[in-house]
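The chain contents come next:
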Amino acid sequence: MFNNNLSQSSTSLSEASEKKGITDMDLDNIAMYLTGTQQRFRENIIIPRTVGPVHLMNNEEKLIQRAMESCIMKTVSSCVMGYGLGAALGLFTSSVNPNISVDEKQSFREVFKEMKTTTLSYAKNFAIFACMFTAIECTIESYRGKTDWKNGTYAGGLTGGIIGLRAGVKAGLFGAASFAAFSLVIDYYTHKIFNQ
């Protein structure tokens, strides 16, 4: 009985194909559908699930992610954060170590002006350092195409060398070596902590 039904269905299929036939245009349409660049539906994408649900990003989210990961955005944000950190450290330093002479008393306005000068000086220096370091590190990372400890070490060496060159070649070499070593130690401990 099963073979009889199978033979009947195969004969009806062959009769239908003889009546309609597959033309060259139909084959071209099938080939274009399978290999063409038409837009695919997202529901047809199969993504294996791991621990949590998979979130597919839409185009706006991808655009925002690309903007946030760009070298310009990283440099600007680190400059702003460096300015804030420098201002906080400068305010703390100026409040702990005021330049008060024993002979004369300073007014509130003079103390405030001195604290403002110290705070802005620290903020500017930290912002410049953070901006230089991040710009150099992001450029090196983009050029190398890798994210590892060498990027921070190279960036620390270049940043320290550039900052130290204001005082001479010897200070530039010392600054490059010390900043590179400091960056290497920081990268080592942060990767060690976050990769556990």
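For the structure, see preceding data.
Residues numbered from 1 in each chain as written. Predicted model: local features only at pLDDT ≥ 70, side-chain atom pairs only at ≥ 80, totals over all residues. Heavy atoms only, no water.

### A short note on the overall build of the protein
Right, so step 1: Across its full length, the protein holds seven helices and zero strands.
Right, so step 2: When its helices and strands are written in sequence order, the protein yields α-α-α-α-α-α-α.
Right, so step 3: Every one of the 196 residues in the protein was classed for burial, and the buried ones make up 16%.
Right, so step 4: Residue pairs in contact within the protein that sit at least 24 positions apart in sequence constitute 52% of those at least 6 positions apart.
Right, so step 5: Summing over all exposed atoms, the protein offers an accessible surface of approximately 16,000 Å²; the carbon and sulfur share of this is 66%. (Helix = DSSP H or I, 4+ residues; strand = E, 2+ residues; numbered from the N terminus. Buried < 20%, exposed > 50% of the residue type's maximum accessible area, 1.4 Å probe, protein only. Contact = heavy atoms within 4.5 Å. Areas by Shrake-Rupley, 256 points an atom, 1.4 Å probe, with all protein chains shown as cover.)

### Looking at the side chain of Thr 75
Right, so step 1: With respect to the helices and strands, the residue Thr 75 is situated in helix 4 (residues 71-96).
Right, so step 2: Apart from residues no more than four positions distant in its own chain, Thr 75 is found in contact with Cys 131, Thr 134 and Ala 135.

### Side note on the side chain of Ser 94
Right, so step 1: For Ser 94, the position within the fold is in helix 4.
Right, so step 2: Under the relative-accessibility criterion, Ser 94 is labelled buried at 6%.
Right, so step 3: Not counting chain neighbours up to four residues away, the residues in contact with Ser 94 comprise Met 115, Thr 118 and Thr 119.

### Examining the environment of Arg 144
Right, so step 1: Structurally, Arg 144 is set in helix 5 (residues 108-144).
Right, so step 2: Accessibility expressed as a relative area gives 26% for Arg 144, which makes it partly exposed.
Right, so step 3: Setting aside its immediate chain neighbours within four residues, Arg 144 contacts Lys 150 and Asn 151.
Right, so step 4: In this structure the side chain of Arg 144 is engaged in a polar contact, spanning 2.8 Å, whose partner is the side chain of Asp 148. (Polar contact = N/O pair within 3.5 Å; in protein donor to acceptor, adjacent residues only side chain to side chain.)

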